[in-house]
Each structure stands twice: as structure tokens, then as C-alpha cells.
Amino acid sequence: DSVYTGTHSVFPAPLVEWILLRYGGPAGNRVLDAFAGGPPRGVVSSIMGYIYHGFEIRQEQIDENERVVKRLKLPNVHYHLSDGRFLDADLGKAGCDVAVTCPPYYNLEVYSELPDDLSNSGSYDEFNAGMMFCARAHRVHMKPGSFVCIVVGPFRDKKSGELVDFRSHTVDNFREAGFIFWQEIILSKNFGSAAKRSTNSWKGLKLVPI
């Protein structure tokens, strides 16, 4: 399951494995990760025999990830200091076979004070425009017939309380960039505590998502 530490979320390693088993193709294929964050996706990709290319805007996060990878003696994990909107790196002409990533959910978690960090966008419209650039950048690096797996979901605007349909906006952005919408996969989690959490949630007329 995913974990929230109080300051940041941790991507669940079993979900990386699940996606790559179904959409990654054979070992030796190349994985692109536009918003690398912490090490789980790189670690699992390497263990499964893939060549991983993660893009991260924070050098300190890359340094931490590389220490983990070195300690575990894992091959074929490459991090690139780059803005996730543009994916500036020479990955060769071959292209990538699968992309797996989890972008920022606008300003739900602010990851740094860097002006190019999407979690510092001045408005959701600005953030969504950045995601459009990200979709176009994927188009440059992906092989024909490859899969781009983006882990997103709806979230509530911290100021207005409005439910933002991040999932549909992501689909629209990638379709406009030239991709087709192949599959929606709904991850069911935290259902064991849903009934307990529903009492407080319903005070604001909000259902409890699982």
C-alpha cells in the first residue's frame, strides 16, 4: 500500500511490479519516469531486469536515490536532473518501451521551492498547462506501441474544497499530445478503514473513496 509519512507520500513498490508485469514487456526494455521522486520505481525496475531512466528536478533527491541504488548494487538505474515538463536528456534513438510515473497533485504536496517545480504552480490552470508539456515530452521519447502509465486521481482544492478531476485532465492532455486512451485501472485500497472514516467525511457531505 502507499504510505504517507506526514511530509511526503511513498509510491508502493508492488504497484510498480504490477504495472511492469502487464505493460513493461520483456526484461531489458527501457522504463521512463517523468517525476521520479524517491527510489521505489527505479529499484523495482532494476530488480525486474529493466533499464530505468528517472527524471527529477531536485538534485538532493537524485543524490539520495543514487545512494540507495549503490547500496543495493542495482544496475541500469539512471537519473537525469530535468524538469518533468520537458524531459531533457539524450535517451538515444531507440525510445522507451513503457513509462510509469506519479506526477505532483498540483500543490497538495509542495516538494521544493524551485520555481520550475510543478507543485509550486501559481494556479491549477498553470499546473495543467505544465502537464500538457509533459505529455508532449513523452511523445518524443516513447516507441510506437508503447504504454504510458500515469498514476493519478481526483483531489480536492485546498482553498475552495472543489473536487478536481485530475484523471480526466490527464487523459485529455495525453490524447491531445497524440496518444490514445487504452485502459483505466482503478486501484482499490484503504477499504478496511472506510467505514470508520465515513462519519467525519460525511459531515462535509463527502463520500469516502476506496
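This write-up is about the structure you can find in this document. For every chain, the first residue of its written sequence is number 1, and the numbers climb from 1 along that sequence. For a predicted model such as this one, the threshold for reporting local features is a pLDDT of at least 70, and the threshold for listing and counting side-chain atom pairs is 80 or more; totals across whole chains, interfaces and linings nevertheless cover every residue. Note that the side-chain values use all heavy atoms of the structure and ignore hydrogens as well as water.

What follows concerns the nonpolar core. To form a nonpolar core, buried Ala, Val, Leu, Ile, Met, Phe, Trp, Tyr and Cys residues must be joined to one another through side-chain atoms within 4.5 Å. Burial status follows relative accessibility: with a 1.4 Å probe on protein chains alone, a residue under 20% of its type maximum counts as buried, one over 50% as exposed, and anything between as partly exposed. In terms of nonpolar packing, the biggest core is built from 25 residues, with Leu 32, Tyr 124, Phe 127, Phe 155 and Phe 166 touching the most fellow members. Helix numbers and strand numbers start at the N terminus; a helix is a DSSP run of H or I with at least 4 residues, a strand a run of E with at least 2. At the level of elements, β6 (96-101), α4 (124-141) and α5 (166-176) are the ones that each hand at least two residues to this core. Counting residues per element, this core draws most heavily on α4, which supplies seven residues. What Phe 127 contacts, discounting residues up to four positions off in sequence, is Pro 104, Tyr 105, Tyr 106, Leu 118, Ser 121 and Phe 166. Any two residues whose heavy atoms approach within 4.5 Å at even a single point are treated as in contact.

Aromatic rings from Phe, Tyr and Trp, with only the six-membered ring used for Trp, were paired whenever their centres fell within 6.5 Å, and each pair was classed as stacked if the ring planes differed by under 30 degrees, edge-to-face if by over 60, and tilted otherwise. Throughout the structure, instances matching the rule amount to 13 aromatic pairs. Members of the aromatic cluster, each reached through a chain of ring pairs, are Tyr 105, Tyr 106, Tyr 124, Phe 127, Phe 155 and Phe 166. The residue whose ring lies beneath Arg 136 is Phe 133, and the NZ or CZ to ring-centre distance is 6.0 Å. Look at NZ for Lys and CZ for Arg. If either is within 6 Å of the ring centre and within 35 degrees of the ring normal, a charge sits over the ring. The residue whose ring lies beneath Arg 139 is Phe 179, and the NZ or CZ to ring-centre distance is 5.4 Å.

Here β6 lies mainly inside the structure; six of its six residues are buried. One bridge is not enough; two strands pair if DSSP finds at least two bridges between them. In this sheet, β6 lies alongside strand β3 (residues 30-33) in parallel orientation, the contact comprising two bridges. Bridge pairing links Val 31 to Val 98 in β6. With five bridges joining them, β6 and strand β7 (residues 142-150) adopt parallel strand pairing. The residue bridging Ala 99 from the neighbouring strand is Val 148, located in β7. Clockwise travel from the first strand over the helix to the second, with the strands pointing away from the viewer, marks a crossover as right-handed. Once you follow β6 into α4 and on to β7, the crossover reads as right-handed.

Below, the discussion takes up the side chain of Gln 61. Here Gln 61 is to be found in helix α3 (residues 59-72). Ignoring anything within four residues of it in the chain, the contact list for Gln 61 reads Gly 37, Gly 38 and Glu 56.

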